[in-house]
Amino acid sequence: VCAGTLNGLSVTGDAQHQYQTLHKMYNNCEIVMGNLEIVLIDHTQDLSFLQVRGGAGTDPLPPAGRGGSPVPVPSPQTIREVTGYILIAMNVFTSLPLQNLRVIRGTQFYEEKYALFVLLNYNPNTTHALRQLGLNQLTEILAGGVYIEKNEQLCHVDTVEWRDIMRDPRLEPVVGDNGRACAWGGHRGLGGGPTPRADPPALPTGAPCHESCGGHCWGPGPEDCQK
């Protein structure tokens, strides 16, 4: 269990300082008591400490066992639950390494109503940007809504049926102005069918989800089907 933050978009220091703070707070963390705020992280930073690592791992400099072989050590815990909200903003890493996240409880909201808030994760001067959320295990947002907007290269957010994840039936997901160059060309409605476009797609069209996913997915592969 580790403590969350309540900083919003107010950050101190540069991107390196933000990364060091994030690493110190969430390395080997399984449950975030509070809010998980990932803001202003550069594409060069290694966020693998947040990722799922199956089975046993090895330290970079592991102790030698009999015969000089490295001794397996338990894999670190990875974040599977956040009690407050998640804020992902102004980052330029390619994918969000929270593949083990299952529940956002929403005991606190961002901007008074959102439990998941994803905004402006791209650099207009380079090709570096967030391209996949990769929240493949996320099945429940117990309170609060979803806001995902203005992420220029973020794909596979329109293909998620957010209403199946959000437990408050009064809320509508706010998802738009993302992934203008996603490989299948068009945009889809929020958890529904295709939304007509005024202009024909410039890129080759194709199914955004694997055929086994029934139209709802976090990415293009069969392992990315929404649960």
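Residues numbered from 1 in each chain as written. Predicted model: local features only at pLDDT ≥ 70, side-chain atom pairs only at ≥ 80, totals over all residues. Heavy atoms only, no water.

Caption draft 1: Highlighting the pattern of salt bridges. One pass over the full model with this rule turns up 9 salt bridges. Taking the shortest distance from any N to any O, the salt bridge between Glu149 and Lys150 comes out at 3.7 Å. Look at Lys150 and you get partly exposed, because its relative accessible area is 37%. (Salt bridge = Lys/Arg side-chain N within 4 Å of Asp/Glu carboxyl O. Buried < 20%, exposed > 50% of the residue type's maximum accessible area, 1.4 Å probe, protein only.)

Caption draft 2: How the structure looks around the side chain of His156. In this fold, His156 is placed in the loop between strand 9 (145-151) and strand 10 (174-178). A distance of 3.3 Å separates polar atoms of two side chains, one belonging to His156 and the other to Gln132. From its side chain, His156 meets the backbone oxygen of Pro208 in a polar contact 2.8 Å long. (Helix = DSSP H or I, 4+ residues; strand = E, 2+ residues; numbered from the N terminus. Polar contact = N/O pair within 3.5 Å; in protein donor to acceptor, adjacent residues only side chain to side chain.)

Caption draft 3: Main features of the pairing of strand 3 (residues 36-39). In strand 3, alternate side chains face the same way, and those of Leu36 and Ile38 on one face and Glu37 and Val39 on the other are all buried. When strand 3 meets strand 5 (residues 86-89), the two strands line up parallel, connected through 4 bridges. Each residue of the ladder has a partner; that of Glu37, found in strand 5, is Leu87. (Pairing = 2+ DSSP bridges.)

Caption draft 4: Local environment of the state of the cysteines. Under the definition given, this model contains 4 disulfides. A sulfur-sulfur separation of 1.9 Å characterises the disulfide bridge that pairs Cys2 with Cys29. Its torsion about the S-S bond being -75 degrees, the disulfide of Cys2 and Cys29 is classed as left-handed. On the criterion of sequence distance, the pair formed by Cys2 in strand 1 (residues 2-3) and Cys29 in the loop between helix 1 (15-26) and strand 2 (31-33) is long-range, its members being 27 residues apart. Here Cys209 is linked by a disulfide to Cys217, with a sulfur-sulfur distance of 2.0 Å. The S-S bond linking Cys209 to Cys217 shows a torsion near -80 degrees; that makes this disulfide left-handed. With a relative accessible area of 8%, Cys209 lands in the buried category. (Disulfide = S-S within 2.5 Å.)

Caption draft 5: Structural view of a nonpolar patch on the surface. On the surface, a nonpolar cluster with roughly 220 Å² of combined accessible area is contributed by Leu9, Met90 and Leu120. Inspection of the secondary structure assignment puts Leu120 in the loop between strand 7 (114-119) and strand 8 (140-141). (Patch = residues over 30% accessible without salt bridge, like charges linked within 9 Å, V, L, I, M, F, W, Y side chains within 5 Å. Areas by Shrake-Rupley, 256 points an atom, 1.4 Å probe, with all protein chains shown as cover.)

Caption draft 6: Quick peek at the layout of surface pockets. Approximately 250 Å³ is the volume found for the largest pocket. Considering the residues around the largest pocket, the lining is formed by 16 residues, among which Thr5, Asn7, Gln18, Thr21 and Glu37 are closest to the centre. Where the lining of the largest pocket is concerned, the elements lending two or more residues are helix 1 and strand 3. Per-element tally for the lining of the largest pocket: the top contributor is helix 1, with 6 residues. Taken together, the residues of the lining of the largest pocket break down into 7 nonpolar, 8 polar and 1 charged. (1 Å grid on protein atoms, 1.4 Å probe; cavity = no way out; pocket = protein on both sides within 12 Å on 5 of 7 lines; lining within 4 Å. Points joined across faces, edges and corners; volume = space filled by probe spheres on them. Nonpolar A, V, L, I, M, F, W, Y, C, P; charged D, E, K, R; others polar.)

Caption draft 7: Quick look at the sheet that holds strand 4 (residues 81-82). Spatially, 5 strands are ordered 1-2-4-6-8 in an open sheet, and the strand pairing comes out parallel. The open sheet has two free edges, formed respectively by strand 1 and strand 8, since each of these has just one partner strand.

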